[in-house]
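Examination of the molecular architecture
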Amino acid sequence: MQFTIIREELLRPLQMVMGAVEKRHAMPILANALLRVTEQQLTVIATDLEVELHGTVQLNSVVIPGEITVPARKLLDICRALPETKLITLVLQGDTILISCEKSRFKLTTLPAVDFPNVEEGISKQEFLISPMLLRNLIENVSFSMAYQDVRYYLNGIFIIKSSSSLKVVATDGHRLSLCSHSADLGDGDEKVIIPRKAVVEMIRLLNSEEPLVNINIGENHLRVVGKNYTFVTKLIDGVFPDYQRVIPKNAHKQIVLDKELFKNMLSRTAILSNEKYHGVKLFLEPDKLAVEAHNSEYEEAYEEVEVLYNSDPLEIGFNVSYLLEAINALPKGNIRMLLVDGNSSIQIEAENSNGSLYVIMPMRI
């Protein structure tokens, strides 16, 4: 195998796949990236057995096609350290690969390409095209509600519900729930899958505005995203996602309307003196008035009040202020609407002019 490439063009696919490179693993080859060279294209592949990333770039100077695995982080560090816009030549020599750029020479050990594992994809069940920015926004707007290393493994990711006319994304950690949906023509068939946390992080990183559409392929145990210069494959979480509809408050007749930025700034200030461990704030509601109070173990207190649209009974209720702020940050500018049943119920937060997103947060005792 031998080819020449501009430094930046090699750097791009290497950076694209690094999220799947394992730092510590019982299989040494998982610290390597597979370089696959054809007559006109270089494909760089990395996997941790859960996710698999492919980055591709066109080649103008291929002397010998072939494939081999090389230490991914070392190759990336070498490319970063070389001068910009310079040509790099890679030549496979026995069980080592020689990397040369002007007067610089590097030699890396390799492992056979035949030993490199791949994520088993299985049979395809659904395939559709979607805007990458639309998909990224849906995922970003719920991802902060994913559980982290929860024993309920099916919560350590996001739930995607695909129908012929919409895509809905849900995440919950048992204390809060985020839901975003968007109407779109996605072709016939319905499908529900749970995507693991690591895959969610990589999808947010990969999906961008450089292309109008990406191809989504859902299989028995995998999901594949194909973009212009990359392919991303992840295993799915095999489990049953909880009935999220039951979490959304029913008959929430108490409604508060106020400006998003005003409420966000109010919460941010009072949060300074909230308990460092529990981050609790208490909301006090009276007709046309909302007050927020926080205190901590050092007997310090913060209090703010603001005029709001509210015409129901007085009540007080406590929440984790971090959960409130993350939900509010995900909503667009303008007025937000909060819905409650009583002082013991969850709160539902959404844009006043609904944009397909809603957030539910369970109360806490303070």
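Residues numbered from 1 in each chain as written. Predicted model: local features only at pLDDT ≥ 70, side-chain atom pairs only at ≥ 80, totals over all residues. Heavy atoms only, no water.

For the rest of this paragraph, the subject is the overall build of the chain. Helix and strand content of the chain: six helices and 25 strands. In terms of overall dimensions, the chain has a C-alpha envelope of 80 × 50 × 35 Å along the principal axes. By residue count, 51% of the 366 residues in the chain fall in the buried class. Counting only contacts in the chain whose residues sit at least 6 apart along the sequence, the fraction spanning at least 24 positions is 68%. For the chain, the computed accessible surface area is about 18,000 Å², with 48% contributed by carbon and sulfur atoms. Each charge class in the chain was averaged separately, 37 positive and 47 negative side chains, and the resulting centres sit 5 Å apart. (Helix = DSSP H or I, 4+ residues; strand = E, 2+ residues; numbered from the N terminus. Buried < 20%, exposed > 50% of the residue type's maximum accessible area, 1.4 Å probe, protein only. Contact = heavy atoms within 4.5 Å. Areas by Shrake-Rupley, 256 points an atom, 1.4 Å probe, with all protein chains shown as cover. Lys, Arg positive; Asp, Glu negative; His and termini not counted. Charge placed at Lys NZ, Arg CZ, Asp CG, Glu CD.)

Next up on the list: the sheet that holds strand β8 (residues 96-101). Pairing is antiparallel in the open sheet, where five strands are placed in the order β5-β1-β7-β8-β9. Across the chains shown, the open sheet's two edge strands, defined by having one partner strand only, are β5 (61-64) and β9 (104-109). Taken over all neighbouring pairs, the strand axes of this sheet differ in orientation by 20 degrees on average, direction set aside. On top of the sheet, helix α1 (residues 7-17) reaches β1 (2-6) and β7 (87-93); it is set at about 100 degrees to β1, its chief contact. Across the face of the sheet, helix α2 (residues 72-81) comes into contact with β7, β8 and β9 while running at roughly 170 degrees to β9. (Pairing = 2+ DSSP bridges. Axes fitted to C-alpha atoms, helices over the stretch in contact; angles between N-to-C directions.)

Turning our attention to the sheet that holds strand β22 (residues 315-320). Taken in spatial order, the four strands of this open sheet run β21-β20-β19-β22, and their pairing is antiparallel. Looking at the sheet topology across the chains shown, the edges are occupied by β21 (301-307) and β22. Strand after strand, the sheet turns through a mean of 20 degrees between neighbouring axes, direction not considered. Judged from the five bridges that link them, strand β19 (residues 280-286) and strand β20 (residues 289-295) form a sheet pairing that is antiparallel. Paired with L283 across the two strands is V292, which belongs to β20. Where helix α6 (residues 321-329) meets the sheet, its contacts fall on β19 and β22, and the angle it forms with β22 comes to roughly 85 degrees.

If you walk through the whole model with that rule in mind, you get 17 salt bridges. Across the salt bridge formed by R136 and E140, the nearest N and O atoms sit 3.8 Å from each other. Here the residue R136 and the residue E140 both occupy positions in helix α3 (residues 132-143), the gap between them amounting to four residues, near one helical turn. For R136, a relative accessible area of 23% gives the class partly exposed. E305 is the salt-bridge partner of K289, the closest N and O atoms lying 3.8 Å from each other. On the criterion of sequence distance, the pair formed by K289 in strand β20 and E305 in strand β21 is long-range, its members being 16 residues apart. (Salt bridge = Lys/Arg side-chain N within 4 Å of Asp/Glu carboxyl O.)

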